[in-house]
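# Observations on the model geometry
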Amino acid sequence: MTERNATSGTYRERNSTADRALDILMLFSVDKPVWTGSEVANELGVARSTGYRYLQSLTSNGFIEDTAGGFRLGPKIFQLARLARAGLGLSDVALPVMRSLAAQVGETVLLTRRSGRSVVCLDLVEAQHAVRLSYERGHVLPINAGAAAEVLLAWSDPDEVTTVLEQAPLERFTAKTLTDPESLRKRLAHIRKQGVAVSQGELDPHILGVAAPIRNAEGSVCAAVSIAALAGRVPRAQLRHVEDAVREAAASISRQLELRDA
């Protein structure tokens with residue numbers, strides 16, 4: 001019984017020490033990146049000797065470092081931050097931005113990437129006005145129909161584009177689907193110039209799509225974010241606003257991918 005109590009006491013003390021270490025780490029902020037030993041002890045409400053003992057333990061493990069002005073976060077924290085960012089998938093990074101975009105424009109938002117001659121829907125966020133789409137999470141779609149597909153093709157390697165367009169006849173889904181390779185190349189050039197793709201009725205009749213490219217840390221286009229809406233719900237006067245919102249969402253996701261992979 002005594003042994004079990006001793007073990008339990010050690011466990012509680014170990015947790016208490018860990019809690020104190022976390023309390024110290026949480027003190028650091030943009031406004032106050034450096035703390036002296038006395039300030040830490042006062043903030044924790046412990047004796048200076050106790051505060052320094054916690055600080056020395058964190059320093060020896062690289063979580064903080066002792067500088068001339070005081071203690072600041074150490075290299076181990078930045079290593080852990082890089083690991084945490086690397087563990088985030090594309091959807092994890094994109095979804096908060098997608099939710100914000102859906103709330104802003106009131107339409108469904110999609111995250112897609114290219115795989116050869118196809119486009120894969122990685123994720124989507126439905127807005128208040130849901131629409132019936134060919135795009136669903138995990139669905140594989142053609143490369144030549146819809147704003148998201150055209151954005152992904154527009155920034156692909158030119159040799160890959162040639163292979164995709166000439167490997168087999170392009171499929172037609174509606175009267176507005178582009179199936180002529182030269183016509184599609186001209187459209188891709190226009191999309192690169194505008195930085196955004198706008199399509200209507202190319203895959204789903206009456207559906208308007210607006211898409212922009214997402215770039216990884218190397219600056220290569222790795223995915224696309226887009227909105228899908230009934231065309232009648234987006235007046236021409238509002239289209240520019242939607243385009244700007246989609247561009248900014250793509251830029252925001254790109255910035256976060258750059259931070260994640262830094």
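The present account deals with the structure reproduced in this document. Computed from a predicted structure; not experimentally measured.

## Side note on the pairing of strand β8 (residues 221–230)
Burial of β8 is extensive: 7 of the 10 residues sit out of reach of the surface. Relative to β8, strand β3 (residues 108–115) is paired through 5 bridges, and the arrangement is antiparallel. Paired with L111 across the bridge in β8 is V225. Pairing of strand β7 (residues 207–215) with β8 involves 9 bridges; the strand directions are antiparallel. Considered in β8, the bridge of L208 is made with A229. Here β7 folds back onto β8 in antiparallel fashion, the turn holding 5 residues, of which G219 has a positive phi close to 90°.

## Details of the environment of G146
Looking at the element boundaries, G146 is found in the loop between β5 (140–142) and α6 (147–154). Of the residues examined, G146 reaches a relative accessible area of 10% and is grouped as buried. A C-alpha to C-alpha distance of 9.8 Å links G146 and S226, two positions 80 residues apart in sequence.

## Things to note about helix α5 (residues 90–105)
The end-to-end C-alpha distance of α5, which contains 16 residues, comes to 22 Å, matching closely the 22 Å that a straight helix rising 1.5 Å per residue would cover. P96 marks the point of greatest bend in α5, at about 30°. Those residues of α5 lying buried are L90, V93, A94, L95, V97, M98, L101, A102 and V105. On the buried face of α5, the contacting elements are β3, β4 (118–125), β8 and α9 (236–260). Backbone geometry just after α5 places G106 at a positive phi near 75°.

## Concerning the pattern of salt bridges
All told, the structure shown has 11 salt bridges when counted by the stated rule. The partner of R185 in a salt bridge is E182, with the nearest N and O atoms 2.9 Å apart. Here E182 and R185 lie together in helix α8 (residues 181–194), a separation of 3 residues that amounts to about one turn. Among the residues examined, E182 registers a relative accessible area of 46% and is labelled partly exposed. Residues participating in the shared-partner salt-bridge network are R240, E243, D244 and R247.

## Regarding the packing of aromatic side chains
Enumeration according to the criterion identifies 0 aromatic pairs in this entry. When the ring centre of W35 is taken as origin, the NZ or CZ atom of K32, which lies over that ring, is 4.8 Å away. Of note, R53 hangs over the ring of Y54, and the distance from its end group to the ring centre comes to 5.8 Å.

## Digging into the sheet that holds β3
Within the open sheet, the 6 strands sit side by side as β5-β4-β3-β8-β7-β6. Their pairing is antiparallel. The open sheet has two free edges, formed respectively by β5 and β6 (197–200), since each of these has just one partner strand. Strand-to-strand twist across the sheet, computed as the mean angle between neighbouring axes with direction ignored, equals 35°. Both β3 and β4 contribute to a ladder of 7 bridges, which runs antiparallel. In the sheet register, S115 faces β4, and the bridge partner there is S118. Contacting β3, β4 and β8, α5 crosses the sheet at an angle of about 65° to β4. Along the sheet, α6 contacts β3, β4, β5, β6, β7 and β8; its crossing angle with β7, the most-contacted strand, is approximately 30°.

## Description of the packing of helix α2 (residues 37–44) against helix α3 (residues 48–60)
Put simply, α2 and α3 touch, their axes get as near as 8 Å, and they point 110° apart. Taken together, the axes of α2 and α3 are roughly perpendicular relative to one another. Contacts between α2 and α3 involve G37, S38, V40, A41 and L44 on the former and, on the latter, R48, Y52, Y54 and L55.

## Notes on the layout of surface pockets
Taken as a whole, the largest pocket spans an internal volume of roughly 160 Å³. Forming the walls of the largest pocket are V198, Q200, L208, A231, V234, P235, R236 and L239. The set of elements that each furnish at least two residues to the lining of the largest pocket consists of β6 and α9. Class assignment of the residues belonging to the lining of the largest pocket gives a composition of 6 nonpolar, 1 polar and 1 charged.

Here is what the cut-offs are and how they apply
- Residues numbered from 1 in each chain as written.
- Predicted model: local features only at pLDDT ≥ 70, side-chain atom pairs only at ≥ 80, totals over all residues.
- Heavy atoms only, no water.
- Buried < 20%, exposed > 50% of the residue type's maximum accessible area, 1.4 Å probe, protein only.
- Helix = DSSP H or I, 4+ residues; strand = E, 2+ residues; numbered from the N terminus.
- Pairing = 2+ DSSP bridges.
- Expected span 1.5 Å × (residues − 1).
- Bend = angle between axes of the 7 residues up to and from the residue.
- Contact = heavy atoms within 4.5 Å.
- Salt bridge = Lys/Arg side-chain N within 4 Å of Asp/Glu carboxyl O.
- Phe/Tyr/Trp six-rings, centres within 6.5 Å; stacked < 30°, edge-to-face > 60°.
- Lys NZ or Arg CZ within 6 Å of the ring centre and 35° of its normal.
- Axes fitted to C-alpha atoms, helices over the stretch in contact; angles between N-to-C directions.
- Parallel < 35°, antiparallel > 145°, perpendicular 65-115°, else oblique.
- 1 Å grid on protein atoms, 1.4 Å probe; cavity = no way out; pocket = protein on both sides within 12 Å on 5 of 7 lines; lining within 4 Å.
- Points joined across faces, edges and corners; volume = space filled by probe spheres on them.
- Nonpolar A, V, L, I, M, F, W, Y, C, P; charged D, E, K, R; others polar.

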